[in-house]
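Topology and contacts: notes
These are the residues of each chain, in order.
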Amino acid sequence: MLERSALAENALQALHDEDYDRPFNTQALNHSTLVFTRGRPRISLNGDWNFCVDLLDTGLRQKWFAMLPMAAEERPEPWDYDPYEGETVPVPSNWQMLKEKWYFFEGSAWYTRPLDMAAINPDTRKFLRVGAAQYDCKVFLNGAFLGNHYGGSTPFMVELTEHLKPGRNWLMLMVNNTRTLDRVPMRNTDWFNYGGVYREVELFETPKTLIRDLFVHLVPDGRFGTIRAEVAVEGANSARLEIPALGIDTTLALDASGRGVIEIAAKPALWSPESPVLYDVRLTAGADSVRDRIGFREIRTVGDEIHLNGKPLFLRGISVHEDDRTLGKVMREEDLARRFAHARELNCNYLRLAHYPHHERAAEMADELGFLLWEEIPVYWAIDFANPATYRDAENQLIELIKRDRNRASVIIWSVGNENPDTDARLAFMRGLAETAKAYDPTRLTSAACLVNHAKTCIEDRLADHIDVIGINEYYGWYEENFEDLAAIGRNSNPGKPVVISETGADADISATGPRRALFSEAYQTEVYEKQIATLRPLDYVKGMSPWILYDFRVERRQNVFQKGFNKKGLIAGDKATKKEAFAVLSAYYAERRDEDQARGGGGEA
């Protein structure tokens, strides 16, 4: 048996060694190994992969990744798993959506596919990119461990160059979605814990000279007349930046580490929801070249106001999850298009992408269509705030998100957490994340869903001093009964900076068995929205809202007779087509706000 084979190094080690994961948990695949990929040719590795669930982590114990292809009848010992033949699953996908027996499975699973190389060009480099895998993904090529990545919603990359050979290669991914005490998020969440490789897997070939990073933005000085470019390159001492529509064609000198910064006088047409202007940008270094389409705008706070391009802005928004009754967490272009179309019907100019980084195409489409975005990482509810390893995980997810999307004009807020208790450890943890966000991107606002002191009926959270916009999740009319308390919070709070109602709402079960009155009825949800709007509208410091949520979504913890495994606070049912009555209420309110803001000359109209 394999436990006694040379792969296990000594007899029965695989059965008794509970540190089996340690050599394979380096987390060396992180933000530092990312490569700028926009505008690069790529080879899709999507499609059918061999697949096997691994409840006991036998694969690492027995070192399945080192098993060589062999016909079953020629094997000297029986294999518990065959990486090269048998069951297949599509990539991208979530295993919960493929078979009923996998619906609540949390643990490890193995993905294997061949990677055929006609020849190896010594003047090129090869990189594997995984758009997202939930949660710990270990990468093996031809039996060699190349590293692992933590974080279920951000991309990661690994260089394959030195491990590829001409002919057939074997690529293996071991993915584990177990909720543990040190991960981000931790064990207790309010969305479904999907598993698997659920975003695109791609292969990139580059020259030896490599453009690692490109960040281009408007200098946030209130003058709208300077563009700044920051680049990172390997193997060159200069790079060429082109923005043809602005007449920019210039050379950047790179320092010894390959980094370069340049500021250029320019007057771009400013990006906004009513005019989402994008410019083609190209960077060339040696034989390497990348492209992007970038909008230029300025977002800042002035007292308790949010200003876009120097004009006051009210964020008319809605919160959204990545969730689909059929596909799970896998996103399709048509699903994103439907999401933005419904946001347009609501008269939104803004969406909160909760509670983790969504597919990068969401921000690209928001750039093109003219929507503002709040993006966040899943520092959600209970987190091990005192654990340095947990902070490292959270900070890495934040940096990966920022590096991925900081050229997207639509993204105006980086959020570093949601509904966490106000402890000293949490304050240090979250303050560190807010400072990291500013260090990697000083052009955007920071936020978090902060706390309300219900005894004092006021906003009270020490983190508020360290972020730009205070997010408040409040459910008066649902989890809190007395709407007068919401009005009291408005009277008692003097935050000195803008507040966004990041969540509010109520469940409505509109199925044939749903109630017709009281809690969980459509009429009750509508009444909550009407009272929320009437109570919040007079509060001058409230500069936006993103009610919870656009669509009903799947979640394990909601199991009453009306929810049946779904949060039903959606303004649209889980079929993503049937609108509830409250949809029209919010849409009408946002239309009024839009017209009032236009009359006052405010910004951010959709």
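Report follows, based on the coordinates. The model shown is predicted, which means the values in this text are computed figures rather than measured ones.

**With respect to the pattern of salt bridges**
Oppositely charged side chains can pair when the atoms bearing their charge come close. Evaluation of the coordinates by the stated rule reveals 57 salt bridges. A salt bridge links E106 to R179; the nearest nitrogen and oxygen atoms lie 2.4 Å apart. One end of the pair, E106, is in the loop between β3 (88-91) and β4 (108-117); the other, R179, is in the loop between β10 (167-176) and β11 (196-197), with 73 residues separating them in the sequence. Of the charged contacts in the structure, one is a salt bridge between E159 and R125, with a shortest N-O distance of 2.9 Å. A residue pair is termed long-range when its members are at least 10 positions apart, and E159 in strand β9 (residues 156-159) and R125 in strand β5 (residues 124-130) qualify at 34 residues. On the basis of relative accessibility, which here comes to 29%, the residue E159 falls in the partly exposed class.

**Observations regarding the packing of helix α3 (residues 333-345) against helix α4 (residues 360-369)**
When two helices pack together, their arrangement is given by the angle between their axes and by how far apart the axes lie. Running from amino to carboxyl end, α3 crosses α4 at an angle of 45°, the nearest separation of the two axes being 10 Å. By the angle between their directions, the pair α3 and α4 is classed as oblique. Viewed along their axes, α3 and α4 form a crossing whose handedness is right-handed. Across the interface between the two elements, E333, L336, A337, R339, F340 and R344 from α3 touch R361, A362, M365, A366 and L369 from α4. Partitioning the contact of α3 with α4 into residue classes produces seven nonpolar, no polar and four charged.

**Some remarks on the side chain of E376**
Mapping E376 onto the fold places it in strand β25 (residues 372-376). A distance of 2.8 Å separates a polar atom in the side chain of E376 from a polar atom in the side chain of R352. A polar side-chain atom of E376 sits 2.7 Å from a polar atom in the side chain of W374. In this structure, E376 is in contact with R352, L353, A354, H355, Y356, P357, L401, S415 and N418, ignoring residues within four places of it in sequence.

**So, unusual backbone geometry**
For the bond running from A354 to H355, omega is -15°, close enough to zero to count as cis. With respect to the element layout, H355 can be found in the loop between β24 (350-353) and α4. Even without glycine at this site, D57 takes up a positive phi of about 55°. Tracing the chain through its elements places D57 in the loop between β2 (47-54) and α2 (58-62). Looking at D57, the relative accessible area reads 12%, which means it is buried. Phi is positive for A518, close to 65°, though the residue is something other than glycine.

About the cut-offs
Residues numbered from 1 in each chain as written. Predicted model: local features only at pLDDT ≥ 70, side-chain atom pairs only at ≥ 80, totals over all residues. Heavy atoms only, no water. Salt bridge = Lys/Arg side-chain N within 4 Å of Asp/Glu carboxyl O. Helix = DSSP H or I, 4+ residues; strand = E, 2+ residues; numbered from the N terminus. Buried < 20%, exposed > 50% of the residue type's maximum accessible area, 1.4 Å probe, protein only. Axes fitted to C-alpha atoms, helices over the stretch in contact; angles between N-to-C directions. Parallel < 35°, antiparallel > 145°, perpendicular 65-115°, else oblique. Left-handed = near helix turned anticlockwise from the far one by under 90°. Contact = heavy atoms within 4.5 Å. Nonpolar A, V, L, I, M, F, W, Y, C, P; charged D, E, K, R; others polar. Polar contact = N/O pair within 3.5 Å; in protein donor to acceptor, adjacent residues only side chain to side chain.

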